[in-house]
Amino acid sequence: VLLLQVNAVTSDMNGNIYVPDQSAMQIHVFNSNGEFITSLGRQGSGPGEFQSIYGVIVDINGQLFVNDIPQLRITVFAVEDGDWEVRHIISNEGGNRYAVESAGSGGELIFRQSPPQSPEPGLFWYEHELSTGTVEEGVIESDVLRFRAESVLVKEDLMMQLMPFSRTTVVSRAPDGAVYLVWNDRFELAVYDPDLNLTDSLT
């Protein structure tokens, strides 16, 4: 398999590796030994086809979530009798640009998006919001938790430059669907369950 444009890699509970290739519009699947298994998807607008691959995650049940921001949808793949198939397509209502950030074992989802923002010249912090929902219903409760991401320097011509060593909020996910947020601006590690309830924190 020739990999052309890869910007993220993830794995499942069995050690299988999922490599999204933005150029080929495919997700290549390898086993834990690095042996090629199959490729999923292609360029297009039909089921199982993508205009862009904006990150992939695998839940504890082995379902693969592929975020396709231009098409405003998330495609969910699952293995059935040894073959991969499209199990669900989650459509973003109202033109919102949601992506799945984390998935719980019972179908609970945490969505992430950047609300519309208009940076002005100077230092600017991008905001992101986390929402809750399910595979079947999509987003149920929006804008549950909001945080600032990386800072950028906005110049007079509105060109933006990422600020090095800026204080960012780091988001990570656990196999059970929980998310971890490192709030660097207040030196706190916070743990949220798949319903975005705060379950633990360390300062």
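Residues numbered from 1 in each chain as written. Predicted model: local features only at pLDDT ≥ 70, side-chain atom pairs only at ≥ 80, totals over all residues. Heavy atoms only, no water.

1. Re the overall build of the protein
Inclusion rule: Strands are runs of DSSP state E lasting at least two residues, helices are runs of H or I lasting at least four, and both sets are numbered from the N terminus onward. The globule rule used for comparison is 2.2 Å times the number of residues to the exponent 0.38, while the radius of gyration itself is calculated over C-alpha atoms. The rule is simple: take the accessible area with a 1.4 Å probe, protein chains only, and divide by the maximum for that residue type; under 20% is buried, over 50% is exposed, in between is partly exposed. Only heavy atoms enter the contact rule, under which two residues are in contact if any of them lie within 4.5 Å. Methods summary: accessible areas were calculated by the Shrake-Rupley approach with a probe of 1.4 Å, and residue burial reflects only the protein chains presented.
If you tally the helices and strands in the protein, you get 0 helices and 19 strands. Relative to the globule expectation of 17 Å for 203 residues, the C-alpha radius of gyration of the protein, 18 Å, shows essentially globular dimensions. Across its three principal directions, the C-alpha atoms of the protein cover 50 × 40 × 35 Å. Out of the 203 residues in the protein, the part that is buried amounts to 43%. Relative to all contacts within the protein whose residues are 6 or more apart in sequence, the contacts with residues 24 or more apart total 34%. By element, 48% of the accessible surface of the protein is carried by carbon and sulfur atoms, the whole surface being about 10,900 Å².

2. A short note on the sheet that holds strand E8 (residues 64–68)
To keep things clear, this is the line we draw: Strands are labelled as partners when DSSP assigns at least two bridges between them. The axes are straight lines fitted to the C-alpha atoms, using for helices just the contacting stretch, and the angles between their N-to-C directions are given from 0 to 180°.
An order of E7-E8-E9-E10 is seen for the 4 strands of this open sheet, with the pairing classed as antiparallel. At either margin of the open sheet sits one strand with a lone partner, and together these are strand E7 (56–58) and strand E10 (83–91). Taking the axes of each pair of neighbouring strands and ignoring which way they run, one obtains an average angle of 25 degrees across the sheet. Strand direction decides the pairing type here: E7 and E8, joined by 3 bridges, are antiparallel. Residue pairing for E8: Val58 is matched across the bridge by Leu64.

3. Structural notes on a nonpolar patch on the surface
For clarity, the threshold we go by: Only residues whose relative accessible area exceeds 30% and that take part in no salt bridge are eligible for patches, with like-charged residues grouped when within 9 Å of each other and nonpolar side chains (Val, Leu, Ile, Met, Phe, Trp, Tyr) grouped when within 5 Å. Any Lys or Arg side-chain nitrogen located within 4 Å of an Asp or Glu carboxyl oxygen qualifies as a salt bridge.
On the surface, Val1, Leu3, Val6, Val9 and Phe36 cluster together into a nonpolar patch covering about 450 Å² of accessible area. Position of Leu3 relative to the elements: it lies in the segment before strand E1 (10–11).

4. What to know about the pattern of salt bridges
Scanning the model with the defined rule gives 9 salt bridges in all. With a shortest N-O distance of 3.6 Å, Arg112 and Glu101 are connected by a salt bridge. With Arg112 in strand E12 (residues 108–113) and Glu101 in strand E11 (residues 99–103), this pair connects stretches of sequence that are 11 residues apart. The class of Glu101 is buried, set by a relative accessible area of 9%. Ionic contacts of the salt-bridge type, sharing partners, join the residues Glu127, Glu129, Asp143 and Arg146 into one network.

5. Side note on the packing of aromatic side chains
Any aromatic ring pair is given by two values, namely how distant the centres are and how the planes are angled relative to each other. Note the threshold: Two rings from Phe, Tyr or Trp (for Trp, the six-membered ring) form a pair when their centres sit within 6.5 Å of each other. Planes less than 30 degrees apart are called stacked, planes more than 60 degrees apart edge-to-face, and all others tilted.
Evaluated as defined, the whole model comprises 6 aromatic pairs. An angle of 70 degrees between the planes, with centres 5.8 Å apart, marks the rings of Phe30 and Phe36 as edge-to-face. Phe30 sits in the buried class, given a relative accessible area of 14%. Classification of Phe36 by relative accessible area gives partly exposed; the value is 42%.

By themselves, these are just geometric observations and shouldn't be taken as functional.
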